[in-house]
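One-letter residues, chain by chain:
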Amino acid sequence: MNDKEVVLSGIRATGNLHLGNYYGALSKFVKMQNDYDCLYFIADLHALTTTPDPNILHENVKNILAEYLAAGINPDNATIFVQSDVPEISEMYLLLNMHVGIGELMRTTSFKDKARKQLGIKSGSEDEDIEKQIIGTDSNKRVNAGLLTYPTLMAVDILIQKAHKVPVGKDQEQHLELTRRFARRFNSFYGVDLFPEPQNFNFGTQSVKVPGLDGSGKMGKSEGNCIYLIDDEKVLRKKVMRAVTDEGPTEPNQPISAPVQNLLTLMELTSAPEIVQQYRDAYADCSIRYGDMKKQLAEDILKVTTPIRERYHDIRNDDAYIARVVRQGAERARERASKTLAEVREIMGIRKFY
């Protein structure tokens, strides 16, 4: 019997993975796959909240699968699966929604932020105004119910596998707390001890915030400031050389500006410590040359991404291998999910007469 703690994580199928995904999660997934019972999935159902083009959605799923494998996740050590390949998730999503309040969903920060964005509401608007506009909006400009119940689906992803640990960033911490609340509520309402309360897994270290190239903060797909793991050499060098800096230090030992600190942070992730120190010293004594710094940074990032990119293209073109991996992953994920769903149905009184 497997007595390892269950760890689960998923990535929405909204585009290729970038350096932030790699250092924030993917590289750690690779390290932990031998020590925990790990399940890593591609969240294509979650991606439907933005009503993507069906063909693009399918390609995104395939791309992320290939990137998982290229980064070093071993399908023999960890369960890799596509969310929609486990239909038990969709059924339990319906059942758990019967124990979730509309009010608590509408109060989640991510829902309000995404609703504002979809409706074109300014971020300073009062919550009451948002709710009125959501209810009163016409059919051409709407917030879909899937976005509202996103936390329920995320909770089901976790609870149906009875996961103990879930690595999430700050933007998902509220959803994880809701998952714990839903687990407690279900257990208490039916007088059972079915679901463990999952905890955030920070890998025993401080969470990594990978900055973007635009000088504004976190690397992200929607911000357009990414270095993707599969960027070819020419594209990657061009992106880094265009990274935002400043006009250069004007006096010794002045504080490092945010855009330059972002580049140094990227260097701390990818370059040797002595190289990072070299450019810190150069900033301090006003001798820094940003062109040289960027060339060095691009070179060091390529050392990380080139092996992944090369493996990615080999895997991406091997349809038979990808199909074998997802079939194996779906079987493993469904085995556990079907047991949990059967327990939930029995507990809730959804029982067959035949």
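This report concerns the structure included in the present document. Bear in mind that the values here come from a model prediction, so they are computed numbers and not experimental data.

**Here's the deal with the packing of helix 13 (residues 273–284) against helix 14 (residues 290–316)**
Relative to each other, helix 13 and helix 14 sit at 165°, their axes nearing to 12 Å. Taken as axis vectors, helix 13 and helix 14 run roughly antiparallel relative to one another. Every pair of crossing elements has a handedness; the one defined by helix 13 and helix 14 is left-handed. Contact with helix 13, carried on its side by Ile 275, Tyr 279 and Tyr 283, involves Tyr 290, Asp 292, Met 293, Gln 296 and Asp 300 of helix 14 and no other residues of that element. A per-class count over the contact of helix 13 with helix 14 returns five nonpolar, one polar and two charged.

**What to know about empty space enclosed by the protein**
Across all of its chains, the model carries one cavity of 30 Å³ or more by this definition. Taken together, Ser 110, Phe 111, Lys 114, Leu 147, Tyr 150, Pro 151 and His 175 make up the lining of the largest cavity. Elements with a minimum of two residues in the lining of the largest cavity: helix 6 (109–119) and helix 9 (150–159). Broken down by element, the lining of the largest cavity gets its largest block of residues, three residues, from helix 6. When the residues that make up the lining of the largest cavity are grouped by side-chain class, the tally is four nonpolar, two polar and one charged.

**Section: the packing of aromatic side chains**
Inspection of the entire model under this criterion finds seven aromatic pairs. Ring plane angle 50° and centroid distance 4.8 Å describe the contact between Phe 186 and Tyr 190, whose orientation is recorded as tilted. In this pair, Phe 186 and Tyr 190 both sit in helix 10 (residues 173–190), four residues apart, roughly one turn of the helix. Note on Tyr 190: relative accessible area 24%, which makes it partly exposed.

**Some thoughts on the pairing of strand 3 (residues 79–82)**
Going residue by residue along strand 3, you find Thr 79 and Phe 81 tucked away on one face and Ile 80 and Val 82 tucked away on the opposite face as well. With four bridges joining them, strand 2 (residues 37–43) and strand 3 adopt parallel strand pairing. If you follow Phe 41 over to strand 3, its bridge partner there is Phe 81.

**Notes on the layout of surface pockets**
One number sums up the size of the second largest pocket: a volume of about 260 Å³. Lining of the second largest pocket is provided by Asp 37, Thr 79, Lys 162, Arg 332, Glu 335, Arg 336, Lys 339, Thr 340 and Glu 343. If one sorts the elements of the lining of the second largest pocket by residue count, helix 15 (residues 319–348) sits on top with six residues. Residues that form the lining of the second largest pocket fall into these classes: no nonpolar, two polar and seven charged.

Calculation rules
- Residue numbers run consecutively from 1 along every chain, following the written order of its sequence.
- Given that this is a predicted model, residues contribute local features only at a pLDDT of at least 70 and side-chain atom pairs are listed and counted only at 80 or more, while totals for whole chains, interfaces and linings are drawn from all residues.
- With hydrogens and water excluded, all non-hydrogen atoms of the structure serve as input to the side-chain values.
- For helices, the axis comes from a line fit to the C-alpha atoms of the stretch in contact; other axes are also lines fit to C-alpha atoms, and the angle between any two N-to-C directions lies between 0 and 180 degrees.
- Put simply, DSSP H or I for four residues or longer makes a helix, DSSP E for two residues or longer makes a strand, and each gets a number counted from the N terminus.
- Roughly parallel covers angles under 35 degrees, roughly antiparallel covers those over 145, roughly perpendicular covers 65 to 115, and oblique covers all other angles.
- Working rule for handedness: look at the near helix, and if it is turned counterclockwise from the far one by less than a right angle, call the crossing left-handed; if clockwise, right-handed.
- Contacts are assigned to residue pairs that have any heavy atoms within 4.5 Å of one another.
- Each residue gets one label: Ala, Val, Leu, Ile, Met, Phe, Trp, Tyr, Cys and Pro are nonpolar, Asp, Glu, Lys and Arg are charged, and the others, such as Gly, are polar.
- A cavity, in this analysis, means grid points on a 1 Å lattice covering only the protein atoms where a 1.4 Å probe fits yet has no way out; a pocket is instead an open set bounded by protein on both sides within 12 Å along at least five of seven lines, and a residue lines either one if it has an atom within 4 Å of a point.
- Grid points are joined across faces, edges and corners, and a volume is the space filled by probe spheres set on the points.
- Classification of ring pairs rests on two measures: the distance between centres of Phe, Tyr or Trp rings, Trp counted by its six-membered ring, which must be within 6.5 Å, and the angle between planes, read as stacked under 30 degrees, edge-to-face over 60 and tilted in between.
- Throughout, exposure labels follow a simple rule: accessible area from a 1.4 Å probe, protein chains only, divided by the maximum for the residue type, with under 20% read as buried, over 50% as exposed, and the rest as partly exposed.
- Paired strands are those between which DSSP finds at least two bridges.

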